[in-house]
Structures are given as C-alpha cells and as structure tokens.
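The lines below spell out each chain.
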Amino acid sequence: MTPRSYDALVFDFDGTLVDSDEALVVAFEQLGVERSTVTFGHAIGEELDRLGLALDDYAEAYDVEVVRAFDGVDRVIPQLGRWAVCSNKHPVSATAELTRLGWHPEVALFAEDFHWAHKSVAPILDLLGLTADRVAVVGDSEGDLRCALEVGCDMYWAGWNPRVPDDPEVGTVLSRPAQLLELYR
Ligand SMILES: [Mg+2]
C-alpha cells in the first residue's frame, strides 16, 4: 500500500464505517418505497426529495439500533489518531448511532450541517485546523471521491464494503480496516 501518511482521516459513515444498507432500505420500505428504487451515496435530503418523502418521517422510521460496524472497524476506531466524520446522514440517526457504538470523532458533520445538500470536506478541514495535504478522505462512494477531489485530499476506498470497485480510477483501495492505522504519520 502507498506509504503516504496524514495527520487526520475524514470518514464517510454509512457504507464506510458501518454496514447500513439494510437499515437505510428498511426505513424507506416502511414509508412505502419499493426497495429496488433506493440508491446510495446521496445527500439524504436529495434522495428523500427524489422519492417525495419528508425528512422527519424518515428519521422516525429509521431504526438506530440495528447497524453494525464493518468487521475490524470496531477494533480499529479506538486506535485511530485524529479522525472526523463527514456524512450525508440525518443527524438524529447518525448521532444516536455514534453514541451507541461509543465512537468519538473529533469533528462530526451531518446532513443538516450542509443544509441538506451534498456534504463537503472543506468545513471539516477548517474545524480540524489542517490543510488538505495533511488529511485523507475514506469513503465508499463516488460522492465521497467528489468531496476529496473538491478540496484536494487523497482518497482511500473502504474495500471491506463489497460495493466498492476493485480498481477505481482515482484513489487507493484499502482491503482491511487495520490498514487505516498505517495512514497516520
Ligand atoms: Mg457511504
């Protein structure tokens, strides 16, 4: 793996740290949406708009007790250096899950912090007090890649999520969460 190292890692949440596809889909189903029409990696507000649903109804339908950390992620989190979460998730659901998992990122911004539009890493860099070259983004979607490219951060793909491409055009695929620890200076 590339031996570049960083002062902090900025993580996407759903599909990167937690295996949440099923919980997200079940909430949509409870609101009457056909499972096959749900897509991932968007701002939750944009996906709900597309499907004609209300944010509060979705937050209500989403069960914050079910998602699990990807295998190995739970063991790595307590050993991370500086880290942050940058997620399109509803803040009520995301905060409840972080609390239940016992995870304490230095900075965590969710959909509301981005005014329900697609997230951005720029305010996270400001809050961390770091420039883009000192920080890497870890994610599982094209949206995460876009966030990384927008600010000039390197991109690492959460290869433990089966939806991550084997050979993306941009960025490095990590195959195991333990490799995250090698990314710190
Ligand atoms: Mg994701």
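Undergrad: It is not clear to me how the pairing of strand 7 (residues 154-158) should be interpreted in this structure. Could you clarify?
TA: Along a regular strand, successive side chains alternate from one face of the sheet to the other. Strand direction decides the pairing type here: strand 6 (residues 135-139) and strand 7, joined by four bridges, are parallel. In the strand pairing of strand 7, V137 is matched with M155. Handedness of the crossover joining strand 6 and strand 7 through helix 7 (residues 142-151): right-handed.

Undergrad: Can you help me understand the sheet that holds strand 1 (residues 8-11) in this one?
TA: Hydrogen bonding along the main chain pairs the strands of a sheet, whether they run parallel or antiparallel. Taken in spatial order, the six strands make up an open sheet running 5-4-1-6-7-8, and their pairing is parallel. Edge positions in the open sheet fall to strand 5 (107-109) and strand 8 (172-174), since each of these has one partner strand only. Within this sheet the neighbouring strands show an average axis-to-axis angle of 25 degrees, counted without direction. The pairing of strand 7 with strand 8 spans three bridges and is parallel. Residue pairing across strands places A158 opposite L174, the latter belonging to strand 8. Along the sheet face, helix 7 touches strand 4 (82-86), strand 6 and strand 7 and points at about 170 degrees away from the line of strand 6.

Undergrad: Honestly, helix 5 (residues 91-101) in this entry has me stumped. Any pointers?
TA: Owing to its 3.6 residues per turn, the α-helix brings residues three or four apart onto one side. Residues S93, A94, E97 and L98 constitute the buried set of helix 5. One face of helix 5 carries all of its buried residues, which in axial projection span an arc of 130 degrees. Opposite the buried face of helix 5, at more than 90 degrees from it, the exposed residues are T99 and R100. Lining the buried residues of helix 5 we find strand 2 (18-19), helix 3 (55-61) and strand 5.

Undergrad: What's the story with the domain arrangement of the protein chain in this structure? I'm lost.
TA: Accessible area lost upon the coming together of the parts serves often as the stated size of an interface. Here the protein chain is partitioned into domain 1 (8-19 + 67-183) and domain 2 (21-61). Between domain 1 and domain 2, the C-alpha centre-to-centre distance is 21 Å. Taken together, the contact pairs 17 residues of domain 1 with 13 residues of domain 2. Those elements giving two or more residues to the side of domain 1 that touches domain 2 turn out to be helix 5 and helix 7. Tallied by class, the residues present in the side of domain 1 that touches domain 2 amount to five nonpolar, seven polar and five charged.

Reading guide: rules and limits
Residues numbered from 1 in each chain as written. Predicted model: local features only at pLDDT ≥ 70, side-chain atom pairs only at ≥ 80, totals over all residues. Pairing = 2+ DSSP bridges. Helix = DSSP H or I, 4+ residues; strand = E, 2+ residues; numbered from the N terminus. Right-handed = clockwise from strand over helix to strand, strands pointing away. Axes fitted to C-alpha atoms, helices over the stretch in contact; angles between N-to-C directions. Contact = placed C-beta atoms within 7 Å. Buried ≥ 20, exposed ≤ 12 C-beta atoms within 10 Å, placed from the backbone. Arc of directions from axis to C-beta. Domains from an automatic or database assignment. Nonpolar A, V, L, I, M, F, W, Y, C, P; charged D, E, K, R; others polar.

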